[in-house]
Amino acid sequence: MRLAIIGLVLLVAGGITVATGVLPWQEVAVLVDRVAPILGFVVAMTVVTELVSEAGAFQWIARHLRGWGRGRSVLLWLLLALFATLSTVFLSLDTTAVLLTPVVVTVARQAGLPVLPFALTTVWLANTASLLLPISNLTNLLAQHNLGGTSPAQFAQLMWAPSVAAVLVPLAFIAIVFRRELRKTYARDSTRPAQGISSKATTDRVLLLVSAVVLLLLLPALVSGVAIWIPAAAAAATLGVAFAVRRPKVLRVTLIPWSLLLFTCGLFLVVEAGQYLGASVLLGEVAGQGDGFLELLRLAMTGALGSNVVNNLPAYLLAEPLAGNPERMAALLVGVNAGPLITPWASLATLLWHDRLVRMNVLVKWRGYALFGLIVAPLTILAAVAALAVFGPGGLFG
């Protein structure tokens with residue numbers, strides 16, 4: 001509700017800029033043409049992931065992960081980290097925050113292990129692992145459009161090195177700080193109740209099978225080069241038909257993320273007005289220019305700072321005109337994707353993650369979260385930009 005209220009305020013403010021002529025209608029038309037397919041994809045993928053979760057796919061994995069961990073905390077943690085990374089890369093960071101967080105908490109509780117290292121792994125990877133593909137993050141989709149519609153394969157070729165670094169650094173930090181917790185063992189045959197995850201969706205094997213098939217077909221389609229909203233919409237429609245036959249009560253209007261849509265549309269309008277008034281020019285004085293390591297690091301740190309002060313989406317939109325080539329665009333994405341690890345509002349995924357934890361009675365203090373983030377975020381950005389400088393298009397091995 002708070003997100004919807006903020007979105008409504010932003011939408012009204014943006015509407016005022018259009019009505020008063022501050023933002024010309026022509027610019028609004030260009031903005032709509034750019035973001036409409038992206039928002040369509042976001043809606044479709046939200047419906048897909050919600051229905052896949054209702055079918056029991058995430059719960060099925062949760063039930064098996066504890067057995068695959070073979071009673072070793074560190075192995076279970078690595079499996080959950082892999083799951084979070086794949087979920088973020090192929091289903092987006094918000095999917096990981098919303099749907100995977102309850103799974104991770106439940107698996108840790110069932111195994112009798114501390115929840116904190118598993119919960120932190122989830123939220124950090126939801127942000128830092130969102131660099132590899134356009135579908136991983138809304139900022140990536142915007143960047144893909146800005147890069148002239150580069151294909152998913154070309155995007156991944158640009159971002160693979162910083163993506164690897166951005167995943168490994170947070171994992172290394174958790175492995176060091178929580179080394180005692182990760183040395184623990186657990187009983188593989190534990191019968192602890194599966195709190196927080198409903199088992200009702202797991203009873204329909206037909207829906208589970210349909211969901212699995214849809215995901216298996218959808219993931220390669222999203223990286224095939226076809227406009228991503230098309231396979232996402234087809235997947236959502238297919239699952240919608242399956243649920244209409246098997247469990248029609250699940251199909252409700254709340255499957256569509258209305259609050260997120262309202263917030264995003266309002267934010268786009270306000271930031272577009274700010275850009276039109278020259279905000280990006282002022283930001284350029286801070287972000288600098290150039291393609292060397294220090295210049296790329298400066299741009300990435302600027303993006304990270306803006307993300308933690310306001311939010312990563314407006315931080316990206318304001319800095320986007322400063323990324324005049326693929327290397328600088330990659331550096332900016334490192335900053336706005338891997339940098340929002342300090343303040344709770346730095347990314348929507350972090351807020352969604354915390355909301356899920358509160359609902360499951362897991363306490364994470366923002367002060368401690370920020371202190372960890374002040375260490376992990378700069379190290380992650382430094383490593384990712386270094387990887388970009390070495391393996392990127394203009395790097396030593398690029």
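Structure: see above.
Caption draft 1: Local environment of the overall build of the chain. When its secondary structure is counted, the chain shows 18 helices and zero strands. By the compact-globule yardstick of 21 Å for 398 residues, the chain fits well, its C-alpha radius of gyration being 21 Å. Seen through its principal axes, the chain has C-alpha atoms that stretch 60 × 50 × 40 Å. A total of 398 residues make up the chain; the buried ones form 55% of that total. Taking the intrachain contacts of the chain between residues at least 6 apart in sequence as the baseline, contacts between residues at least 24 apart amount to 80%. For the chain, the exposed area adds up to about 17600 Å²; of that, 68% sits on carbon and sulfur atoms. The averaged location of the 15 negative side-chain charges in the chain is 19 Å from the averaged location of its 25 positive side-chain charges.

Caption draft 2: Spatial organisation of the pattern of salt bridges. Inspection of the entire model under this criterion finds five salt bridges. The shortest N-O distance in the salt bridge between Glu-54 and Arg-252 comes to 3.9 Å. You can see Glu-54 sitting in helix α2 (residues 25–55) and its partner Arg-252 sitting in the loop between α11 (229–246) and α12 (258–276), a full 198 residues away along the chain. On the accessibility criterion, Arg-252 (42% relative accessible area) is partly exposed. One salt bridge in this structure joins Asp-355 and Arg-356, with 3.1 Å as the shortest N-O distance. The network of salt bridges with shared partners includes Glu-54, Arg-247 and Arg-252.

Quick notes on the rules
- Note that residues are indexed from 1 along each chain, following the sequence as it is written.
- It should be noted that, the model being predicted, local features are given only for residues of pLDDT at least 70 and side-chain atom pairs only at 80 or more, the latter also being counted only at that level, while totals for whole chains, interfaces and linings use all residues.
- Each side-chain value is derived from all of the structure's non-hydrogen atoms; neither hydrogens nor water enter the calculation.
- Runs of E in the DSSP output that reach at least two residues are strands. Runs of H or I that reach at least four are helices, and both are numbered from the N terminus.
- Throughout, radius of gyration means the C-alpha value; the globule benchmark is 2.2 Å times the number of residues raised to the power 0.38.
- Three exposure classes are used, based on accessible area relative to the maximum for each residue type with a 1.4 Å probe and protein chains only: buried under 20%, partly exposed in between, and exposed over 50%.
- By the convention used here, residues are in contact when the closest approach between their heavy atoms is within 4.5 Å.
- The Shrake-Rupley method, run with a 1.4 Å probe sphere, supplies the accessible areas, and residue values consider only the shown protein chains as cover.
- Neither His nor the chain termini are counted; the positive set is Lys and Arg, and the negative set is Asp and Glu.
- Working definition for charges: the position is that of NZ of Lys, CZ of Arg, CG of Asp or CD of Glu.
- In the sections that follow, a salt bridge refers to a side-chain nitrogen of Lys or Arg positioned within 4 Å of a carboxyl oxygen of Asp or Glu.

Note that all results are geometric; they support no functional claim without further evidence.
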